[in-house]
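# Inside the fold
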Amino acid sequence: MTSATNGNGAQAQPRPQSDPPVGGPPTGRVAPGGKTGEPLSTAPGPAARAFEAVPWAAGSLEGGPERLIFERSSPGRRASSFPDGGGLPEVDLDQALPAGLRRTASVRLPEVSERDLVRHYTRLAHRNYAVDLGFYPLGSCTMKYNPKVAEAAAALPGFARLHPAQPAEQVQGALELLARLEHALCELTGLAAATFQPAAGAHGELTGLLIIRAYHEARNDPRRRVVIPDAAHGTNPASVRLAGFETTTVASSPEGLVDLAALEKVLDTDVAAFMITNPNTLGLFERNIARVAELVHGVGGQLYYDGANFNAILGKARPGDMGFDVVHLNLHKTFATPHGGGGPGAGPLVVAEHLVDFLPAPVVVRDGDGGYRWDSDRPRSIGRVHGWNGNFGILVRAFAYLLANGGEGLRGVAERAVLNANYLLERLSVAYQLGYPSRPVMHEFVLSARRQKGQGARGLDIAKGLIDRGFHPPTVYFPLIVEEALMVEPTETESLETLDSFADAMLEIAAQAEADPHPLHQAPVTAPVGRLDEARAARQLVARWHPPTEPDQAASDPADAGPAEKPTS
Amino acid sequence: MLAALGLDDVDQLFQPIPSDLRAPADLDLPRPHAEQEVAAELGRLAARNRHLDELTCFLGAGVYDHYVPASVWYLAGRGEFATSYTPYQPEMSQGVLQALFEYQTLISELTGLEISNASLYDGASAVAEAATMAVATTRRSELLVSAAVAPRVRELLETYSRGLDIKLVEVGALDGHTDLDEVRGKASDQTAAVLLAQPNFFGVVEDVAAAADLVHAVGARLLVTFDPLTAGVLEPPGRLGADVVVGEGQGLGNHPNFGGPAFGFLACRPEDVRRLPGRLVGETLDTAGRRAFVLTLQAREQHIRREKATSNICTNQTLNAIAASVYLSWLGPQGLEELGRLSLRAARYAADRLAAIPGVRLAFPHQPYVKEFVVRLPADPAEVSRRLVDHGLLAGLPLAGLAPGLEDGLLVAVTERRTKEDIDRLADALTTVLADLGATDSDRRREGEEVAR
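Residues numbered from 1 in each chain as written. Chains lettered and ligands numbered in written order. Predicted model: local features only at pLDDT ≥ 70, side-chain atom pairs only at ≥ 80, totals over all residues.

## Notes on the overall build of chain A
When helices and strands are counted, chain A shows 17 helices and 13 strands. Counting all 569 residues of chain A, 60% fall into the buried class. Sequence separation of at least 24 residues holds for 73% of the intrachain contacts in chain A that already meet a minimum separation of 6. (Helix = DSSP H or I, 4+ residues; strand = E, 2+ residues; numbered from the N terminus. Buried ≥ 20, exposed ≤ 12 C-beta atoms within 10 Å, placed from the backbone. Contact = placed C-beta atoms within 7 Å.)

## Let's talk about the overall build of chain B
Tallying secondary structure elements over chain B gives 13 helices and 17 strands in all. Rg of the C-alpha trace for chain B: 25 Å, near the compact-globule value of 22 Å for 453 residues, within the 12% margin. Counting the 453 residues in chain B, one finds 65% classified as buried. (Rg over C-alpha atoms; globule rule 2.2 N^0.38 Å.)

## Examining the packing of helix 4 (residues 94-111) of chain B against helix 10 (residues 318-355) of chain B
Two packed helices can be described by the angle between their axes and the distance between those axes. Residue and element names in this part refer to chain B. Look at helix 4 against helix 10: their axes get within 9 Å of each other, and the N-to-C directions meet at 65°. The element helix 4 and its partner helix 10 pack so that their crossing is left-handed. Packed against helix 4, whose contacting residues are Val 96, Ala 99, Leu 100, Glu 102, Tyr 103 and Leu 106, the element helix 10 presents Thr 318, Ala 321, Ile 322, Ala 324, Ser 325 and Leu 328 at the interface. In the contact of helix 4 with helix 10, the residues fall into nine nonpolar, two polar and one charged. (Axes fitted to C-alpha atoms, helices over the stretch in contact; angles between N-to-C directions. Left-handed = near helix turned anticlockwise from the far one by under 90°. Nonpolar A, V, L, I, M, F, W, Y, C, P; charged D, E, K, R; others polar.)

## Brief notes about unusual backbone geometry
Excluding glycine, residues mostly carry a negative phi; peptide bonds, for their part, are mostly trans. For the bond running from Asn 278 of chain A to Pro 279 of chain A, omega is 5°, close enough to zero to count as cis. Structurally, Pro 279 of chain A is set in the loop between strand 4 (271-276) and helix 9 (289-298). For Glu 484 of chain A, which is not a glycine, the phi torsion comes out positive at approximately 50°. Summarising the element assignment, Glu 484 of chain A is placed in the loop between strand 12 (475-476) and strand 13 (485-488). Looking at Glu 484 of chain A, the number of C-beta atoms within 10 Å reads 23, which means it is buried. In this structure, Ser 119 of chain B is a non-glycine residue whose phi angle is positive, near 115°. Within the secondary structure, Ser 119 of chain B is located in the loop between strand 2 (115-116) and helix 5 (123-138).

## A few points about the interface of chain B and chain A
If you look at the interface, chain B gives 163 residues, while chain A gives 178 residues. Of the residues forming the side of chain B that touches chain A, the biggest block, 23 residues, is contributed by helix 10 of chain B. Looking at the side of chain B that touches chain A residue by residue, the class counts come to 82 nonpolar, 46 polar and 35 charged.

## Some remarks on the sheet that holds strand 12 of chain A
Residue and element names in this part refer to chain A. With antiparallel pairing, the four strands of this open sheet are ordered in space as 10-11-13-12. At either end of the open sheet lies a strand with only one pairing partner, and these are strand 10 (433-434) and strand 12. Where strand 12 meets strand 13, two bridges bridge the pair, whose relative direction is antiparallel. For Thr 475, the partnering residue across the bridge sits in strand 13 and is Met 487. (Pairing = 2+ DSSP bridges.)

## Re the pairing of strand 17 (residues 409-413) of chain B
Residues and elements named next belong to chain B. The buried fraction of strand 17 is high, at five of five residues. Judged by which residues are buried, strand 17 turns out to be covered on both faces: Gly 409, Leu 411 and Ala 413 on one side and Leu 410 and Val 412 on the other are all buried. Pairing of strand 14 (residues 372-376) with strand 17 involves five bridges; the strand directions are antiparallel. Across the sheet, the residue bridging to Val 375 is Leu 410, located in strand 17.

## Re the packing of helix 5 of chain B against helix 6 (residues 151-161) of chain B
All names here are of chain B. The contact between helix 5 and helix 6 brings their axes to 9 Å, and the two run at 50°. Of the possible angle classes, the one that applies to helix 5 and helix 6 is oblique. Note on packing geometry: the crossing formed by helix 5 with helix 6 is right-handed. Across the interface between the two elements, Ala 124, Ser 125, Val 127, Ala 128 and Ala 131 of helix 5 pack against Arg 152, Val 153, Leu 156, Leu 157 and Tyr 160 of helix 6. (Parallel < 35°, antiparallel > 145°, perpendicular 65-115°, else oblique.)

## Some words on the environment of Phe 478 of chain A
Residue and element names in this part refer to chain A. For Phe 478, the location among the structural elements is in the loop between strand 12 and strand 13. Measuring from C-alpha to C-alpha, the distance between Phe 478 and Ala 513 comes to 21 Å, with 35 residues separating the pair along the chain. In this view, Phe 478 contacts Ala 485 and Met 487; residues no more than four positions away in its chain are not counted.

## Quick look at the domain arrangement of chain B
Residue and element names in this part refer to chain B. Entries for chain B in the domain assignment read domain 1 (70-326) and domain 2 (332-452). When each unit is reduced to the centre of its C-alpha atoms, the spacing between domain 1 and domain 2 is 30 Å. Residue-level contacts link 15 residues of domain 1 with 18 residues of domain 2. (Domains from an automatic or database assignment.)

## Some points on the environment of Pro 167 of chain A
Along the chain, Pro 167 of chain A turns up in the loop between helix 4 (157-160) and helix 5 (172-189). Judged by C-beta crowding, with 15 C-beta atoms within 10 Å, Pro 167 of chain A ranks as partly exposed.

## Brief notes about helix 12 (residues 420-436) of chain B
Residue and element names in this part refer to chain B. In this model, helix 12 (17 residues) spans 24 Å end to end at C-alpha, consistent with the 24 Å of a helix rising 1.5 Å per residue. Ile 423, Leu 426, Leu 430, Val 433 and Leu 434 are the residues of helix 12 that are buried. Down the axis of helix 12, the buried side of the element spans an arc of 95°, and every buried residue falls inside it. Exposed and oriented more than 90 degrees from the buried face of helix 12 are Glu 421 and Asp 436. One or two steps after helix 12, the chain reaches Gly 438, where phi turns positive at roughly 65°. (Expected span 1.5 Å × (residues − 1). Arc of directions from axis to C-beta.)

## A short note on the sheet that holds strand 14 of chain B
All names here are of chain B. Overall, antiparallel pairing links the four strands, which are arranged 13-14-17-16 in an open sheet. The open sheet terminates on both sides in strands that have one partner only, identified here as strand 13 (361-362) and strand 16 (397-398). The strands that helix 10 touches are strand 13, strand 14 and strand 17; relative to strand 14, the one it contacts most, it runs at about 5°.

## So, the pairing of strand 11 (residues 281-285) of chain B
Residue and element names in this part refer to chain B. Among the five residues of strand 11, four are classified as buried, and the element is accordingly described as predominantly covered. In this sheet, strand 12 (residues 291-295) lies alongside strand 11 in antiparallel orientation, the contact comprising five bridges. Pairing of Leu 285 across the sheet is with Arg 291, part of strand 12. The turn linking strand 11 back onto strand 12 is made up of five residues, and Gly 289 within it adopts a positive phi angle of 80°.

## A closer look at the environment of Glu 426 of chain A
Residue and element names in this part refer to chain A. Structurally, Glu 426 is set in helix 12 (residues 392-428). Overall, Glu 426 belongs to the partly exposed group, with 19 C-beta atoms counted inside 10 Å. Sequence-wise, Glu 426 and Ala 503 are 77 residues apart; in three dimensions their C-alpha atoms are separated by 9.6 Å.

In structure tokens form, the structure reads like this:
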């Protein structure tokens, strides 16, 4: 089966909707990189290209895999240079600093030239997969394409070279950006005000829960418990504990939704909040959400929206209208800012009117004369959760994305994300079971590799098989309530050709599992390395490099290691 | 695609959303913009800010104007790093994993402690994570916090302590440094940890070793928030007895970015590794016996341990940590020392020049400092700073409201980027501004000296 044919045997036609713009509205414009109307003449076959497209990624260059930067070190080499401090008086370190505070031994940084430095990190880059290289259907992570105009904007000196302690009159453009982004997030969530301090989703969760805690305490009604569904992200219960609450877990219904009866049972006046995603982690919209809100509010609890899955309903439905009181958004998911190999992200928190006073201070306000300033006079604020203003550079990128798409484009984002997910599910459901039977799904879906497990190929084997076929695997083994879970989130930015070639690879793997699962156990064989001994990594912890002459186990403390030694290459 | 699904309209896929929960069509959102319009609008907003290429920066207080070499973001900004996710699939993520393993080694070297995690949000939240760790490892709940730790960091600790079982107790500052006698008096068998900053908020270098002895005598931990850019001249706190060393990594190759993104780092002793928050990369072998790297000890983390995790952190600041690795490799051991010395020379020259201005004096003239110091001014520091902007200068951070007794204080930071000419310009402009404000007459000067005694 080639990618020009879809799962139902229908001829797939190129259409603009399948190659959505990242920097413009859904129709009427050609997407960057998307060539509307070009025939699919070069559709790749199944197993399009393995990850190891670059021959030296696996280490064929210079006789092995890329060494550590420390192993490239050669005494006397350096990339850095500094001015000689012309005219500045020399300082005698012995006089300037008391003995005992002065550094006694050289810091063992690598000694490399700029050439070595550039080659090293370029080669490391070649050993890494990314959205810029290909499809990354990691469920719950929204690995959409990251438009480059946003990168250019964030790099402008007027943003990148701003000091966070500069007085407001010097940073009016930055404050205006924050105020306009806040307004847009309030419109999209149906809530009243936002803070940008949280640096990531989990940070937003903690902030929101501390606000909920302060709210109940301000009403002389302190509460101890937070309810979460059994399918929740691990950050939810971890944040609950950090905010000083206890977790109560509520089971999902057979349809994969919140079980209203079970929820009612655990709700009482000790419940501070119910924390959920919608769509939930199975990719299903909680259609009873209004009733859920009624129940939670009925006992005086607050409804918390984990924005991990907001991409599905962007501009289509609003958490505030569903009854949510607190929402955190993951701008590094929904607003297309790059994930950076695990951050930086941005997890702004948006709250309803009755919680606005509790937001972290300071907040941006606009004065009558149209100027912006920080307002720190917030007596009911929970205080600061970030040293400064959160990940401002990420907010610049998110604002660029907002402008590019506009309201109309954002609705289109949700529509294409949901369409792509349902299309992919349709193609995959011939070979894979759905974790929970409900359809249509929203922006993602959870398959179960139960059938393939019976044939001898587990979810992990399928994931590793995908690596050999040139794709990043879906999220595996999450959510926990689905056996052998494969959580697939294609996002809106992928073309029909890409979805089809991924489906072809998945179906080929299913066929392989049925015929002979053995090769899948060996996968990946084309990546820079094969499967890793993860148990060894944990058992014999090596969390840093040591010079060859120095014991390299974690038990050795460099403080006891004597004088510094020059690393040698 | 719709046809393949047997649908006419994409809206049919949104049928699970009840109609009364559909968003109104008239949301107040921008119209779609073409790329050049986006670039123009962001350019317009950026131009409304006065940035550090326009103003000569002596403002620090945790974020510093260190030079960012061209190679840092040329490399860290590569799409293979920037557009990847957390390395859950190690076979196709060796680039990020190896870069983080190198990062951990570099942070270990700078802090003098064996184990570093793979980054936290920022320096302030890293302090809260360190406090959580100390409480968990000692099973005690009191944290003694020096008044010479940055107010922002103490505010954040206050916020975090609402949810945690941590009791914060302030230890005063005396002549710009933490009052160790007060530490001795307040530390007890209830004390989980003592928190110091090195150098501290006032730029003063603390006697970490003496503090460590006091803290360890009661079985508590010493937590130090450390400026890694001073590691070329200062002994790393881990070598002086600190048990957990954290800090703000912005100066390591990251632009000020109006406060973020940069990153926080955290390093600890091997025996505390199971209480470590966040990601940790370890070395291992693949099936063919090749060296490879992988996220390890994940049983500490939220996605495995859920409410029993050591922290809730998931997404961290990986890309900024990679930038720091590139930066430190660019720097090399010689570069780190040269940078530290250059900064120290410039800071001392600046302190001498400023203190020579009538009415201006150092707040803590007898304390050691390496890149930042406090001057007392004979006029309102906020007003003085405002006027110095007209001279193209960001003079520093006015301390009114931030440090009791230092209402006339200005915190001045001098990095390796500040030249003799920059400093002369600051001193000359300050002289002019003070004269304009009529704040240099000899009476005021004498009055100031009286107060100093």
